[in-house]
Amino acid sequence: MNFLKKYGYLVTTIIGLLILICFLLLLIPESQMPTVLQCSALVAIISAFLGVVMTVAVTAILLDKQAATQKELLDKQSETESKKDKDMKIHEQKVHAFSAFTSKMWKMADDASDSELKNIYEELRLMCFDKLVFFLTQEEIEELTAVIGKIDNTRSIDFNLTHFCKITNILQSSLENKHENEVYLQKLYNAFDWTIIGQQNDGKHPEIADKVSDTNSSNITFWHFNVWGEEQIEAFKKGKWFLSLIEYDEDWRTGLLKQVKPDDIVFLYKRGGTGYIGAFKVSNPPNKIIQAKENYTQEEKEDIAEYDIYSAIEDGATLVSCILVEPIAYNFKGVGYLTVRRRTIEHMNDREAVKYLVEKFSNNSLNTEQEKGIGKLDETISIPNLNTDYFNRILTKYK
């Protein structure tokens, strides 16, 4: 039907010519029948004429098909270019949205106040539904949901840092970058602060080593330790005097923890505005480290029951590492801080920060509210056996 519609005039012309030729032949009377030579000439003329008509017809059909093919190719090319332009614009918008989200998210790793962190968290949620969800697949949304659900503003930045890296990696993968970068992202972040990842004693940064030796002229190293969760305080109430941290497929915190020596001083920090709540003397032996594996001996099971206060092994943690300590000063109301440190564990290389904490834990310059927390784990539980003698020895060096 389409053929007749497009080429009807050619078909009509050819049929018309054939009818005309037949009609002319019928008009020739038998008495005037042409000779053989005349017939040959007549046939040649008719054949030539028909040949010209057929050639024109075929050429017209071929040209028409060629034009249709070229138009189809041009349409496809135009559609491809249009789709390419559209994809490029979408990709640009996607990169912009992901970049803005991760930039805002990584600000949570800065020394922001609790109220600022809450505001950032709310902004991230709005950005997530305003932009991100339109660029993510169902699988990516599920992955992002699982990781974001683990972010906890009440815990140290190290806990959240792992999740920040995973979120960044999910968004990178969504941009068709299929490399698993989360481990490298965390290493990159840590690389910006040598004092954080325990590199100060490797000989590559002597200026940092000098600061450490200056602070610790009595061969005592001062440490910062961040409370992971309320389970830590509950352990204290049960008489379990150790400071616990958790590793998920990493070991740099444990590497730092292994540098802690007997008789070192650890200041315990708790987020939420209270600041530092305790000072501890490191015991001998100084640590207890539990590594996750498939099967455990009875002794290892007992260690998990004793030291895994966060039930982290069951949750998939690869290491549970503890500093064994003895309390020498404590104030559950907190004594504030001079310098914010959001890492789980790090050296305290700032002599002024150490002096500030020693002064505060000696119960000087406390406000009325802070005075209520001296020597107590909470409103009702006092610590009976604080090693105040050891604390006083430290105090004499930092008055």
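In case you missed it, the structure is sitting above this.
Everything quoted here is computed from the prediction, not taken from an experiment. (Residues numbered from 1 in each chain as written. Predicted model: local features only at pLDDT ≥ 70, side-chain atom pairs only at ≥ 80, totals over all residues. Heavy atoms only, no water.)

1. A word on the pairing of strand E3 (residues 265-270)
Definition in use: Only protein chains enter the calculation, and the probe is 1.4 Å; a residue is then buried if its accessible area is under 20% of its type maximum, exposed if over 50%, and partly exposed in between. Numbering of helices and strands starts at the N terminus; helices are DSSP runs of H or I of at least 4 residues and strands are runs of E of at least 2. Criterion used throughout: strands pair if DSSP finds at least two bridges between them.
Judged by how many residues are buried, E3 sits mostly within the fold: 5 of 6 residues are covered. In this sheet, E3 lies alongside strand E1 (residues 222-226) in parallel orientation, the contact comprising 5 bridges. Across the sheet, the residue bridging to Asn226 is Tyr269, located in E3. Looking at chain direction, E3 and strand E4 (residues 275-291) are connected through 6 bridges and run antiparallel.

2. Some thoughts on the environment of Lys288
Cut-off, in case you're wondering: Two residues qualify as a contact provided that any one of their heavy atoms is within 4.5 Å of a heavy atom in the partner residue. Two N or O atoms form a polar contact when they lie within 3.5 Å of each other; inside protein one atom must be a possible hydrogen donor and the other a possible acceptor, and for residues adjacent in sequence the pair counts only when both atoms belong to side chains.
Secondary-structure assignment places Lys288 in strand E4. As a C-alpha pair, Lys288 and Val320 span 32 residues in sequence and 8.3 Å in three-dimensional space. Apart from the residues lying within four places of it in its own chain, the contact partners of Lys288 are Asp303, Tyr307, Val320, Ser321, Cys322 and Leu324. A polar side-chain atom of Lys288 sits 3.1 Å from a polar atom in the side chain of Asp303.

3. Points about the packing of aromatic side chains
Rules: Aromatic contacts are taken between Phe, Tyr and Trp rings whose centres are within 6.5 Å, Trp giving its six-membered ring; a plane angle under 30 degrees counts as stacked, one over 60 as edge-to-face, and the others as tilted.
Here the structure, examined in full by the defined rule, presents 13 aromatic pairs. With 6.4 Å between their ring centres and 85 degrees between their planes, Phe98 and Phe135 make a pair best called edge-to-face. Of this pair, Phe98 sits in helix H2 (residues 36-106) while Phe135 is found in the loop between helix H3 (114-130) and helix H4 (138-148), placing the two residues 37 residues apart along the sequence. With respect to class, Phe98 is no different from Phe135; both count as buried. Aromatic pair Phe236 and Phe280: ring centres 5.6 Å apart, planes at 35 degrees, arrangement tilted.

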